Amino acid sequence: MKASIYILSLAGAVLLLFLFSISAYTVGETEQIIITQFGEPVGGAVNNRLEKNEAGLHFKAPFIQQVHRFEKRILEWDGPSDSMSTREKLTVVVNAFARWRISDPLRYYQSLRDERSALSRITDIVGSATRGVVAKHDLVEVVRSDKTRKVEVEKLSVQGIAVVTQLPAIQYGRSVLEKEVLAAAAESAKAWGIEILEVQFKRINYNPAVSDKIYDRMTSERMQIAERFRSEGEGEAAKIIGRKEKDLREIESSAYRKVQEIQGEADAKATEIYAQAYNTSTSAAQLYQFVKTLETYKTTLGRDSTLILTTDSDFFKYLKSMNPEGKAESAATPAVKPAQAKATPAPAVVPAPVPVPTPPPVPAPAPVAQ
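Residues numbered from 1 in each chain as written. Predicted model: local features only at pLDDT ≥ 70, side-chain atom pairs only at ≥ 80, totals over all residues. Heavy atoms only, no water.

A. Fine view of the sheet that holds strand β2 (residues 31–37). With antiparallel pairing, the three strands of this open sheet are ordered in space as β3-β2-β5. On the outer flanks of this sheet lie β3 (40–46) and β5 (65–71), each paired with one strand and no other. Geometrically, the sheet is characterised by an average inter-axis angle of 25° between neighbouring strands, direction not taken into account. Relative to β3, β2 is paired through four bridges, and the arrangement is antiparallel. Its bridge partner being in β3, T36 is matched across the sheet by P41. (Pairing = 2+ DSSP bridges. Helix = DSSP H or I, 4+ residues; strand = E, 2+ residues; numbered from the N terminus. Axes fitted to C-alpha atoms, helices over the stretch in contact; angles between N-to-C directions.)

B. Layout of the side chain of K60. Along the chain, the position of K60 falls in the loop between β4 (56–59) and β5. Lacking a salt bridge, the buried K60 has E31 as its closest oppositely charged neighbour, with an N-O distance of 14 Å. At a separation of 3.0 Å, a polar atom in the side chain of K60 contacts the main-chain carbonyl oxygen of I22. (Buried < 20%, exposed > 50% of the residue type's maximum accessible area, 1.4 Å probe, protein only. Lys, Arg positive; Asp, Glu negative; His and termini not counted. Salt bridge = Lys/Arg side-chain N within 4 Å of Asp/Glu carboxyl O. Polar contact = N/O pair within 3.5 Å; in protein donor to acceptor, adjacent residues only side chain to side chain.)

C. Highlighting the pairing of strand β6 (residues 75–78). The alternating pattern of β6 places L75 and W77 on a buried face, while none of E76 and D78, on the opposite face, is buried. In this sheet, strand β8 (residues 91–102) lies alongside β6 in antiparallel orientation, the contact comprising four bridges. Bridge pairing in β8 places W77 opposite A98.

D. Local environment of the packing of aromatic side chains. Under the counting rule described, the total for this entry stands at two aromatic pairs. On the numbers, 5.5 Å between centres and 85° between planes, the contact of F70 with Y108 is edge-to-face. Highlighted residues: F70 in strand β5 and Y108 in helix α2 (residues 105–111), separated in sequence by 38 residues. Residues F70 and Y109 carry aromatic rings whose centres are separated by 6.3 Å and whose planes lie at 65° to one another, so their mutual orientation is edge-to-face. With F70 in strand β5 and Y109 in helix α2, this residue pair connects regions lying 39 residues apart in the sequence. We note that F70, like Y109, is buried. (Phe/Tyr/Trp six-rings, centres within 6.5 Å; stacked < 30°, edge-to-face > 60°.)

E. Summary view of the nonpolar core. In this structure, W100, Y108, V126, I194, I196 and F201 are the most contacted members of the largest nonpolar core, which totals 31 residues. Elements that contribute at least two residues to this core include exactly β6, β8, α2, α3 (115–135), α4 (139–143), α5 (174–189) and β11 (194–206). Here the element with the most residues in this core is α3; it accounts for seven residues. Residues within four places of F201 in sequence aside, it is in contact with V94, N95, A96, T130, V142, R174, L177, E178 and V181. Within the second largest apolar cluster, six residues are counted, among which are Y297, L307, F315 and F316. (Core = buried A, V, L, I, M, F, W, Y, C linked by side-chain atoms within 4.5 Å. Contact = heavy atoms within 4.5 Å.)

Take a look at the structure:
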């Protein structure tokens, strides 16, 4: 009898322990729970409220109720690259990411049930909101975030063409556009029990079809700036060369003036010495006149020269005096045509000492070539 009672007590304890194990469940700090009975949710979500921590041991009806666990922490969504157009009809590829959490586990369970379906739904919601916002703004609004940045204007002049490189001002900026996408996506995500906390643009690229043209335009702008710098350098080089040439001409002019001054002083000194030497007597002056006249003959008369001279010309004086009896005159008659029929040759005049740089004492008329 006692043995039977002991066995029944032990069996009851095991049964109670079994019922307790299938009725009790624990809720973690990072979990929120939905209880379903025959597939239908019963009661509210457990540990869903942020202000109240309901983690710990809980109970449910055994066999007929089932526990569904959902993540309470913030989850990430990294969307695919999506091609879209801006307001100026420029096609860009935008890659965005978002942070989200399950705000209504009951609605989430009824509409999506698992995280894979939720990520697919977020892709549609955020992608649609991003396309709508980007289509309403220019590209500069999408890629720039600081609208207080000072705009710099750079004016270039390349090959006579005025080029202005300007960083346009923005009205909104990327941060405002991200907030617009977040507002549009969060409103749509509420119907699925999802709360989207943040949306940001991770990468923005040009469409591959137009990337080459964009790069060519960027290269052209950089080449224009480089050409501007080259032209400025060439201008500075021209200024330096001009200053060098000017200084060189000034130095050469100063040196030439100095040479001429020294040469003039030397010529004046030589003339003074010649004048003192040839003016010592009348015969010395006549010798000087005779030598200079012969030098004039040598430089002015050639083999084929023909001269027309008067008989009283100082240039003809020494030719006529070669024969005192007049034979030289008769021999020279066919080649020389006197301008006057009867003329008395002028007597030799002794020149006065004049300090000039070696002038010929007898002026010679210009020869007439035939």
